[in-house]
Amino acid sequence: MIGFKGYFFFVLVALSVACQQQKETRIIPVDDFFKSQGKVAYRLSPDGKKLSYLRLQGADRNIYIEDVETGKGKTITQLKGKNIGFYFWVSNNELIYYKEVDAGANQSDMYIVDKEGNNERQLISNEKSRLRIIEDQLIDDKYLLVSSNKRDSTVFDVYRLNVRDGNMEMVARNPGNIIDWRTDAEGKLRLAMSSDGVNTTILYRANENQPFKSVLTSNFKDTFWPVAFSHSEPNIIYAISDINRDKTALVEVDCNTGKEVKTLFCNDTLNITEAQYSRKKNKMSFVVYETWKKEKYFLDDSVRRVYQNLDKLLPKTETRIFDRDDAENIFILRTFTDRNPGSYYLYFANTGKVRKLSDFNSSIQEDEMSEMKPISFHSRDGLLIHGYLTTPLNKKAENLPVVVLPHDGPVLRNLWGYNPEVQFLANRGYAVFQVNYRGSSGYGKSFVAAGFKEWGGKIQDDIDDGVKWLIDHKIADPKRVALYGTGLGGYIALNGLCLNKDTYACAVSNSGVINLFTYLKSIPPYRKPILQMYYEIIGDPVTDIDKLRQVSPLFMSDKINAPVLLAQDVKDPNNNSGETMQFVKNLKKRNVNVTYIENDGDIFVGKNEVIRHRFYTSLDEFLEFNLKRK
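Fair warning: this is a prediction, and the values are worked out from it, not measured in the lab. (Residues numbered from 1 in each chain as written. Predicted model: local features only at pLDDT ≥ 70, side-chain atom pairs only at ≥ 80, totals over all residues. Heavy atoms only, no water.)

Overview of the sheet that holds strand β16 (residues 213-219)
An order of β13-β14-β15-β16 is seen for the four strands of this open sheet, with the pairing classed as antiparallel. Sheet topology places β13 (178-183) and β16 at the edges, where each strand pairs with a single neighbour. Adjacent strand axes in the sheet meet at a mean angle of 20 degrees, parallel and antiparallel pairs treated alike. Direction of pairing for strand β15 (residues 199-204) relative to β16: antiparallel, over a ladder of six bridges. Bridge pairing links T200 to S218 in β16. (Pairing = 2+ DSSP bridges. Helix = DSSP H or I, 4+ residues; strand = E, 2+ residues; numbered from the N terminus. Axes fitted to C-alpha atoms, helices over the stretch in contact; angles between N-to-C directions.)

Okay, structure coming up:
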C-alpha cells in the first residue's frame, strides 16, 4: 500500500511526465513547410476598383480579377501548363503579362488583355532576347517605355512600345556601356547609368530633346542608386548614396553640378537599403535601414500615422506595403514574423480598416515555430560578424546538432523573418545558424569590400569562426555540425568539407557552384559591362587562375571525406552538368558517401511541388542519418 508521501511523489512524477509529453514537438510534414501558394502577386488597378492576383488551380496559374467592393470576380487568362512569370496593370482597364516559354532560359512572351479577359493579343514574341519595363504607366494611352537587347545581346536600347499594335520604336540607342535607364514622374527618359566594369557614371539630361551628359562618377565599391526626381526642382534627384561615407544615406543631388545639396537621412551606424517616394504627394515618404531587422525612418508624418494605425490593427507583426492605388487610399499589405509566414490584407486609409485576403501558408501554426535570434561574434582577424540563431522548440540550446546555412551571393545577406527552410530544420531538432559573413550587404561599404576575392578564404574563415563560437558557448555538439547552402551558399558548404574536414560532419549543396571559372563564364552577355566588377568580387579567371582553382570544389574533391548530398538543377546556367557529374564520380571513386539528385527546374519556384518534396525529403533523411545518429 502506498503512503501519503509516496502517493504525493507518484503524482508529481506523473505530472512531470505529462508536462514533458505536452512539450514534445510535433514533427510537421515536409510538404506543409513548402506548399505552393494558391494566391500570389496581388495587384491593384490604378483606380483601386479592381484587385488582381495569380490563382493556382491544379497545375495551372492564371490571372484572377475581383471587384474590391463586392469581391465578385473571374479568371481572365486560360493558360494550360505554362507559368505567368510577371504581370502588371497598365491602365484601369488593361493588364500586361509574360507567359513563360522556356523556364530554364528565363524566356517569355508578352501579352495584353483587358480586365474582362477580352481583346487578348500578343505584343512581343520571344526571340531569345530580353525586355524590361522602364516605365509601367501608359504614355498617351498607348505607349510603354521599355528596354530590350534584341539589337545586340550585350546591351539594352530603349524603345517606345505601342501596346495597340505591338510596334517598337527605338528612342535611345545604347552606345555599349549603359547598364540602366531611368524616367522622371512624367515617364520622360532623363537618367542613365553607364559602367566600364569598375566605375559607374550617372548621365543626365533636362529633357528628351537634349543629349545625356555626365553628372558624377563613382567606383563600383560605392553605392549610388537614384530613387526619384524632385517634382518642384526637376534638376534634383533623390538617391541612396555612400559616396564619401561608409554607410548609405538618402541625399538630394543637383544633376547640373553632380553635387550633394542636402542630406535627408544619414547615420554613421545605419545602412539604408530602401527609400519610398510618393507620386501623389511628390515627396519622400520614408527610408528603410537594417539592423538585425528592417526598420523605418519617416520623412512624412502622414505616412508615419498610417503605419502607427497598422501597428494597432495588426499588432506584434511586421508589415510591408506591396502595392497601392494611385490615390494612395487602398494598400495591399503583407504581414509576417520570424515564426509566422503571415497574411495578405487590404488596408483602406480613408476608413482606417483592414480586410484579410489570404494566408501565406495556412498549414503553419505560429506556436509550433521557433524564434530567430540575432547573434554576433568576432572573426579571427577581429571583424564583427552578425547572424541569426534558431534553436529547436522545447529544447535547451545545449550540445545540439547544427545546420549552418550560408546565404547565396555575392553581396546578399540573411534577414530576420519567416524562413521555411530554417523552420523546417528547427522542427527536425537542429539549431540553424545563419552567418552574414564579410561581403554581405547591409553593414556598410567597408564590410562588403572585406569580402572581395575572399571566397574560399576569409569568407570561409567567418563561417568556421561562427561554428567555433557555437561550440565555445556549448550550443553546438562539435561532432554534429553540417553545412547546407544554395548557389554560392552551396559553394561555401562544399568548400567547408574541402578546407576544414575536421569541422563538419557532412554537407548539402543545392545547385551549388562547384567551379568558379564556370560561374564567371556563365555571366550573360547583357552583364558584360559590369563583368570586371564580378572579377573584383570573385576573382579574375586570368590573373587569379591559381587562386580560383585552389578554392573551387571541382578541383578539390580529393580533400572531401565526409558525406555529401548534391542536388543539381539541370537548367541552372551557373553550373555545367558534365562537371557536376564528374565531381560526383570523383567522390564515388574514393568511396565518399554521395547522394545525387538531378532536378528539372528550380525547387524554389512556384508550383514545382514534386521536385521540392523529393529534395526536402532527401535532405531530411540525409541529415537524420549523418547528424542525429552520430
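Now that the structure has been shown, the text picks up again.
Regarding the pairing of strand β32 (residues 476-486)
As a general feature of sheets, a regular strand has side chains that alternate between the two faces. Of all the 11 residues making up β32, eight are buried; the element is thus mostly covered by neighbouring parts of the structure. Two elements, strand β30 (residues 400-404) and β32, share four bridges in a ladder whose sense is parallel. By the bridge assignment, V403 is partnered in β32 with A482. For β32 and strand β33 (residues 506-510), the ladder comprises five bridges, and the chain directions are parallel. What sits directly across from L483, in β33, is A507. On the question of chirality, the crossover connecting β32 to the parallel β33 by way of helix α7 (residues 488-499) is right-handed. (Buried < 20%, exposed > 50% of the residue type's maximum accessible area, 1.4 Å probe, protein only. Right-handed = clockwise from strand over helix to strand, strands pointing away.)

What about helix α6 (residues 458-472)?
Taking 1.5 Å per residue, 15 residues should reach 21 Å; α6 reaches 20 Å between its end C-alpha atoms and fits that length. Residues of α6 that are buried make contact with β28 (372-378), β29 (384-390), β30, β31 (431-436), β32 and α7. (Expected span 1.5 Å × (residues − 1). Contact = heavy atoms within 4.5 Å.)

Structural notes on helix α11 (residues 577-589)
Taking 1.5 Å per residue as the helical rise, α11 with its 13 residues ought to reach 18 Å, and the 18 Å between its terminal C-alpha atoms agrees with that figure. All of the buried residues in α11 are E579, T580, F583, V584, N586 and L587. Looking straight down α11, one finds its buried side chains confined to an arc of 160 degrees; they lie on one side. Looking at the buried positions of α11, the neighbouring elements they touch are α7, α8 (516-521), β34 (564-569) and β35 (594-599). (Arc of directions from axis to C-beta.)

Digging into the packing of helix α4 (residues 420-427) against helix α12 (residues 609-628)
It is the contact of α4 with α12, at a shortest axis distance of 11 Å, that shows an interaxial angle of 40 degrees. The angle between α4 and α12 places the two elements in the oblique class. Read as a crossing pair, α4 and α12 show a hand that is right-handed. Judged by residue contacts, E421, F424 and L425 of α4 engage Y616, L619, D620 and L623 from α12. Its residues assigned to classes, the contact of α4 with α12 comprises five nonpolar, no polar and two charged. (Parallel < 35°, antiparallel > 145°, perpendicular 65-115°, else oblique. Left-handed = near helix turned anticlockwise from the far one by under 90°. Nonpolar A, V, L, I, M, F, W, Y, C, P; charged D, E, K, R; others polar.)

Things to note about the nonpolar core
One finds F433, W455 and I538 to be the most contacted residues of the largest nonpolar core, which totals 60 residues. Top contributing element to this core by residue count: α7, with seven residues. Every residue in contact with I538, bar those within four places of it in the chain, is listed here: P410, K453, W455, L488, L516, Y519, L520 and L548. Counting residues in each nonpolar core, the second largest holds 30 residues, with V30, F34, F424 and L565 among its members. (Core = buried A, V, L, I, M, F, W, Y, C linked by side-chain atoms within 4.5 Å.)

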